[in-house]
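Tertiary structure, described
What follows is the residue order along each chain.
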Amino acid sequence: IMSGITDAVVITLSEKNWVSRYDSSGQGNDIAKFVAVDNNGNVYATGASAGNGPNSNSTDIVTIKYDSDGNQLWASRYDGSWEDSPAALVVDPAGNVYVTGGSSGIGTNLDFATLKYDPSGNLRWVKRYNGRGNGNDIAVALTIDRSGGITLTGQSYEKETKDDYVTIKYNQLLFYRGDANQDKKVTISDIVYLISYLFKGGPPPYPFASGDCNCDGTVIISDVIFLVNYLFKGGP
């Protein structure tokens, strides 16, 4: 802490393997709020960070990815209109990052704001929700299912009913059955991917249904056989 200003600090604790600091160029308060780790040991942190320029008194949502040694791989800022603050972060099996929270709208007070970043930190989409009363709408939790559906919940204010529960689900993924590695093709590499998942502890297909080649609701060896028949024996 210097001159009463705070920076966001991420520390993994096992005899302090590493320490990484993030200080916004606005020289204001940077407050980390949520952290997640993927299967490769990469660390993801998100929080509220002082804005820059004319919005220097505002806050942005800043999401950062570190490798397992604490090296910063990328940092992405989201600036709505004034006050933006995250409430939850999740990482899917493909390395996409989802953040939700509250974000000031234009004449709408706070809205739900849900962000998706790809594994390289590029913002892929933003979903905003403003309740019927134009009051404060603040998402507080976020989850993702095996089909890629995003579900979030939080509070939404209306004059007649005050704060209410609001739960929203977004469906986002289009996929090919059999395209287990999500490269938009069905090839022998998908057979290898499924074998790795089933017998070597590899990552699951994502969305999970992309590995359910025979549409029986499971991903097992029969799906590998189905793919082999399709690719090499003229099967369906």
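Up top is the structure.
As a convention, each chain's residues are numbered from 1 in the sequence order in which they are written. It should be noted that, the model being predicted, local features are given only for residues of pLDDT at least 70 and side-chain atom pairs only at 80 or more, the latter also being counted only at that level, while totals for whole chains, interfaces and linings use all residues. As a rule here, side-chain values cover all heavy atoms of the structure and leave hydrogens and water aside.

What to know about the sheet that holds strand S9 (residues 110–117)
Two strands make a pair as long as DSSP finds a minimum of two bridges between them. Under the scheme used here, helices are H or I runs from DSSP no shorter than 4 residues and strands are E runs no shorter than 2 residues, and both carry numbers assigned from the N terminus. In spatial order, the strands read S7-S8-S9-S10; together these four strands make up an open sheet with antiparallel pairing. Strands at the two margins of the open sheet, each flanked by one partner only, are strand S7 (84–91) and strand S10 (123–129). Here the strands of the sheet are splayed against their neighbours by 20° on average, with no regard to which way each runs. One ladder, built from eight bridges, connects strand S8 (residues 97–104) with S9; its direction is antiparallel. In the sheet register, Ser104 faces S9, and the bridge partner there is Leu110. For helices, the fitted line uses only the C-alpha atoms of the stretch in contact; every axis is such a line through C-alpha atoms, and the angle between N-to-C directions lies from 0 to 180 degrees.

Some words on the state of the cysteines
Any two cysteine sulfur atoms within 2.5 Å of one another count as a disulfide. Counted by the stated rule, this structure contains zero disulfides. Between Cys213, a free cysteine, and Cys215, which holds the nearest cysteine sulfur, the sulfur-to-sulfur gap is 8.3 Å. Here the term buried applies to any residue with accessible area under 20% of the maximum for its type, exposed to any over 50%, and partly exposed to those in between, with areas from a 1.4 Å probe on protein chains only. On the accessibility criterion, Cys213 (7% relative accessible area) is buried. For Cys215, a relative accessible area of 51% gives the class exposed.

Structural notes on the pairing of S8
Here S8 lies mainly inside the structure; eight of its eight residues are buried. Direction of pairing for S7 relative to S8: antiparallel, over a ladder of seven bridges. Each residue of the ladder has a partner; that of Ser85, found in S8, is Gly102. Between the antiparallel neighbours S7 and S8 lie five residues, among them Gly95 with a positive phi of about 90°. Count of turn residues in the S8/S9 antiparallel hairpin: five residues, of which Gly107 carries a positive phi of about 75°.

Topic: the environment of Ser24
Residue position: Ser24 is located in the loop between strand S2 (18–22) and strand S3 (30–37). Expressed as a C-alpha distance, the spacing of Ser24 and Trp82, which sit 58 residues apart in the sequence, is 16 Å. Contact between two residues is taken to exist if any of their heavy atoms lie within 4.5 Å; hydrogens are not considered. Excluding anything up to four places from it in sequence, Ser24 contacts Asp30, Ser49, Ala50 and Arg77. One polar contact links Ser24 to Asp30, side chain to side chain, over a distance of 3.0 Å. Throughout this description, a polar contact denotes any pair of N or O atoms lying within 3.5 Å of each other; where both atoms belong to protein, one of them has to be capable of donating a hydrogen while the other can accept it, and for residues adjacent in sequence the pair is counted only when both atoms sit in side chains.

Some details on the side chain of Asp179
Relative to the assigned elements, Asp179 resides in the loop between strand S13 (162–170) and helix H1 (188–200). Positive charges come from Lys and Arg, negative ones from Asp and Glu, while His and the chain ends are left out of the count. The term salt bridge refers to a pairing of a side-chain nitrogen on Lys or Arg with a carboxyl oxygen on Asp or Glu at a separation within 4 Å. Look at Asp179: it is buried, it has no salt bridge, and the nearest opposite charge is Lys184 at 5.5 Å. Here Asp179 is in contact with Lys184, Lys185, Val186, Asp190 and Ser210, once residues within four sequence places are set aside.

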